[in-house]
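# Fold and geometry: a report
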Amino acid sequence: MSPVDSTVPGFINRLRERFSTAAVQVAEPRGEVTLDVQPDIWHDVARALRDELGFEQLIDVCGVDYLGYGSDEWDTSVSSEGFSRGVEGKSMGRIVWGELPDGAAPGAGRRFAVVAHLLSVRHNQRLRVRAFAQDDGLPTIPSLVDVWPVANWFEREAFDLYGIVFDGHPDLRRILTDYGFVGHPFRKDFPLIGNVEVRYDAERRRVVYQPVTIEPRVLVPRVIRDDARYETSAGETAQRAEVKK
């Protein structure tokens, strides 16, 4: 048996030879190898990666919400002092429940994705596998519990926080949020301040739920941009003089 080429180019070639279909795309941004898989073959690809390519260990399964992906958090203005100040918050979590910001209408099956991180101890290689759900309203991906049992709690977490349904999961229920929790807190359209707040009512002698009383606000960071004045001896001298004044 010929030795396996463990280099990144050799690894990519083996993936392309095994998954020679348009449904699987091999990408390599930032030196990371990623398989973009269609959801209908998500389970078959996972089994092939385990049995044929030696990825015996599942590191993580997580959900991703690409709503508003690539848009800025806020408009900024740059001053002469090299600082950036936020003007108006645009984050999905700063909107009113049930609404979406301008230009953030959900697409046809390209909002929610599931990402699995795999490790091959035998070949000392790592792989990222991603699949986009076809339906934004009810994102569904086949479960990987029967391939890697450790996926059980990972998929429950993605279901709880993103609302992604894993078809075939043996016990798909919430794992982090409280009983009766409404919504999925990691979705981009979930308010950062939440929908309800909890407090103890002394008169009723019990914990009660009520609408959130916190006003949403924009926290503006103070960012120092690169300034050549700090990189020269003349600039340092001038800055010291300003400080003494």
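Residues numbered from 1 in each chain as written. Predicted model: local features only at pLDDT ≥ 70, side-chain atom pairs only at ≥ 80, totals over all residues. Heavy atoms only, no water.

## A short note on the pattern of salt bridges
For clarity, the threshold we go by: Here, a salt bridge means any Lys or Arg side-chain nitrogen found within 4 Å of an Asp or Glu carboxyl oxygen. Under the scheme used here, helices are H or I runs from DSSP no shorter than 4 residues and strands are E runs no shorter than 2 residues, and both carry numbers assigned from the N terminus. In this scheme, a residue with accessible area under 20% of its type's maximum is buried, one over 50% is exposed, and one in between is partly exposed, where area comes from a 1.4 Å probe on protein chains only.
Going through the model one piece at a time under the given rule, you end up with 10 salt bridges. In this structure, the salt-bridge partner of D160 is R174, at a minimum N-O distance of 2.6 Å. Of this pair, D160 sits in helix α3 (residues 151-162) while R174 sits in the loop between β9 (165-167) and β10 (196-201), and the two are 14 residues apart along the sequence. On the accessibility criterion, R174 (24% relative accessible area) is partly exposed. Between R204 and D201 there is a salt bridge whose closest N-O contact spans 3.7 Å. Ionic contacts of the salt-bridge type, sharing partners, join the residues D65, R111 and D189 into one network.

## Topic: the packing of aromatic side chains
The condition that has to hold: Classification of ring pairs uses Phe, Tyr and Trp, with its six-membered ring standing for Trp, and accepts pairs whose centres are within 6.5 Å; under 30 degrees between planes counts as stacked, over 60 as edge-to-face, and the remaining range as tilted.
A full pass over the atoms with the stated rule returns four aromatic pairs. When the centroid spacing of 5.7 Å and the interplanar angle of 45° are considered together, the rings of F11 and F55 count as tilted. Here the residue F11 occupies a position in helix α1 (residues 8-18), and F55 occupies one in the loop between α2 (42-51) and β3 (57-65), the gap between them amounting to 44 residues. With relative accessibility at 0%, the residue F55 sits in the buried group. Between Y66 and F132 the ring centres are 5.2 Å apart and the planes differ by 40°, which places this aromatic pair in the tilted class.

## Observations concerning the sheet that holds strand β7 (residues 125-132)
The criterion, for reference: Only when DSSP finds a minimum of two bridges between them are two strands counted as paired. Structural elements are reduced to axes, namely lines fitted to C-alpha atoms, with helices fitted over the stretch in contact, and the angle between N-to-C directions of any two is expressed from 0 to 180 degrees. Between two residues, a contact is recorded if the distance between any of their heavy atoms is within 4.5 Å.
Overall, mixed pairing links the five strands, which are arranged β1-β2-β7-β6-β3 in an open sheet. The open sheet has two edge strands with one neighbour each: β1 (24-27) and β3. Averaged over neighbouring strand pairs, the angle between their axes works out to 20° when direction is ignored. The pairing of β1 with strand β2 (residues 34-37) spans four bridges and is classified as antiparallel. Each bridged residue has a counterpart across the sheet, and for V24 the counterpart in β2 is V37. Packed onto the sheet, α2 meets β1, β2, β6 (112-120) and β7 and runs at close to 170° relative to β7.

## Let's talk about the nonpolar core
For soluble globular proteins, nonpolar side chains are generally found buried alongside one another. Operational definition: To form a nonpolar core, buried Ala, Val, Leu, Ile, Met, Phe, Trp, Tyr and Cys residues must be joined to one another through side-chain atoms within 4.5 Å.
Within the largest apolar cluster, 37 residues are counted, with the highest numbers of intra-cluster contacts made by L15, F19, L35, L49 and L127. When contributions to this core are tallied by element, the ones reaching two or more residues are α1, β1, β2, α2, β3, β6, β7 and α3. Top element by residues in this core is α2. It accounts for five residues. Ignoring sequence-local partners within four residues, the contact set of L15 consists of V26, V33, L35, L49, L53 and L127.

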